[in-house]
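Notes for the structure review
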2 protein chains.
Amino acid sequence: MFMCDIVARLKKTGIRLTPQRQEVLQVLLEGALLEERQPLSAEEILQKVRQRYPGISLDTIYRTLATFKKLDLVCEVNFRDGCRRFELMLQEEHHHHLVCLKCGHARELPFCPADCLARAQEHYPDFEIADHAFTVYGYCEKCRKSY
Amino acid sequence: MFMCDIVARLKKTGIRLTPQRQEVLQVLLEGALLEERQPLSAEEILQKVRQRYPGISLDTIYRTLATFKKLDLVCEVNFRDGCRRFELMLQEEHHHHLVCLKCGHARELPFCPADCLARAQEHYPDFEIADHAFTVYGYCEKCRKSY
DNA sequence: TCCTAGATCGGAAATATTCCTATTTCCTGC
DNA sequence: GCAGGAAATAGGAATATTTCCGATCTAGGA
């Protein structure tokens, strides 16, 4: 999945392609290509984008993330650290997270409680499921040592 | 599970039993006994507690919730509505939630992705799991109609 | 009853997020 | 290529949530 693919995908939706949005996308994409991707907060994204596009505002980051989320391009992860975190969602690798409550480091869980999702739908057939989250919290090897 | 049981449980832990803590407990317990319990925000708990104990401060609510959480008496639910929400956790009925992103109404999911939790532990054997969350987001029958 | 570690209050501070308005800009149709 | 208009942006103000801090109070053990 590369920039041009996503841009093409965005153009189809009719959304305007501003340089700000492309820079946010770029930052998220770089995050997604790292070996150990870490979901980013709005503030973190702001800092990274500003390195290349200094004038961007925090409001634009939030609006862009909201827009991308509506387009299922971005998903939200709750680290319980007081802010929302986001990462690029590439369908082919839907996943969940394991988060250290001390250092905030996240690891990926490459599997999904699909059966639970199905049971939820059975249980509440009239509910329109839009999204779901499965997150495991605890202490990583490094942090549990320093108790 | 009644007040006296919980109080007994608290006393065992050595934690001080202040009237403020008991009032917070009372509010959470009332919430837990409702047919359709809704996890409460700190502000909501504050309002309810103040009806009986007007002098209590928001800080105390937050501190009390943090204390109860450490004792596994309370758990946190993320509604994606900008604040943390809490509910009394009665072991015998561990559950997860289905949340409407429009009206904020929550329903319970009386089952748990236990297999995923086990797989997570297998995947990361050195991670000390403390907690987990499974939440389904979407639109309830009422809200999906008003699109 | 006294003592003291621990808890509380109230307000200030720190964070995170959204709102607002004037201005700018992307895109469509010519 | 150019103009028009709807959509997006910047920047700062406003709001909301959560935490911090110092002074004071108190639950519970001795």
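Per-chain numbering applies: the sequence of each chain, read as written, is numbered from 1 onward. Ligands are numbered from 1 and chains lettered from A, in the order in which they are written. Local features in this predicted model are restricted to residues of pLDDT 70 or higher, and side-chain atom pairs are both shown and tallied only at a pLDDT of 80 or more, whereas totals for entire chains, interfaces and linings draw on every residue. Calculation of side-chain values draws on the structure's entire complement of heavy atoms; hydrogens and water are dropped beforehand.

1. Focus: the sheet that holds strand β6 (residues 128-139) of chain A
Quick note on the threshold: DSSP bridges decide pairing: two strands pair if at least two such bridges lie between them. In DSSP terms, a helix is any run of H or I states spanning at least four residues, a strand is any run of E spanning at least two, and both are numbered starting from the N terminus. Note on method: axes are straight lines fitted to C-alpha atoms, helices fitted across the in-contact stretch only, with angles between N-to-C directions ranging 0 to 180 degrees.
The sheet built from six strands is open, its strands ordered β5(A)-β4(A)-β6(A)-β6(B)-β4(B)-β5(B) with mixed pairing. Each edge of the open sheet carries a strand with a single partner, namely β5 (106-109) of chain A together with β5 (106-109) of chain B. Taking each pair of neighbouring strands and ignoring which way they run, the sheet shows an average axis angle of 25°. The pairing of strand β4 (residues 96-100) of chain A with β6 of chain A spans four bridges and is classified as parallel. Bridge pairing in β6 of chain A links leucine 98 of chain A to valine 136 of chain A.

2. Some words on the sheet that holds strand β2 (residues 74-78) of chain A
Residues and elements named next belong to chain A. This is how the line gets drawn: In this analysis, two residues are considered to be in contact whenever any of their non-hydrogen atoms come within 4.5 Å of each other.
An order of β1-β3-β2 is seen for the three strands of this open sheet, with the pairing classed as antiparallel. With partners counted over all chains shown, the strands left at the sheet margins are β1 (40-41) and β2, one partner each. Where helix α2 (residues 19-33) meets the sheet, its contacts fall on β1, β2 and β3 (84-88), and the angle it forms with β3 comes to roughly 80°.

3. Notes on the pattern of salt bridges
Note the threshold: One side-chain nitrogen of Lys or Arg within 4 Å of one carboxyl oxygen of Asp or Glu is enough to make a salt bridge. Burial status follows relative accessibility: with a 1.4 Å probe on protein chains alone, a residue under 20% of its type maximum counts as buried, one over 50% as exposed, and anything between as partly exposed.
Counted under the stated rule, the structure contains 22 salt bridges over all chains. In this structure, aspartate 81 of chain B and arginine 85 of chain B form a salt bridge, with 2.9 Å as the shortest nitrogen-oxygen distance. Taking relative accessible area as the criterion, aspartate 81 of chain B reaches 39% and is therefore assigned partly exposed. By relative accessible area, which is 11% here, arginine 85 of chain B ends up buried. Salt bridges sharing partners connect three or more residues here, namely Glu23, Glu30 and Arg52 of chain A.

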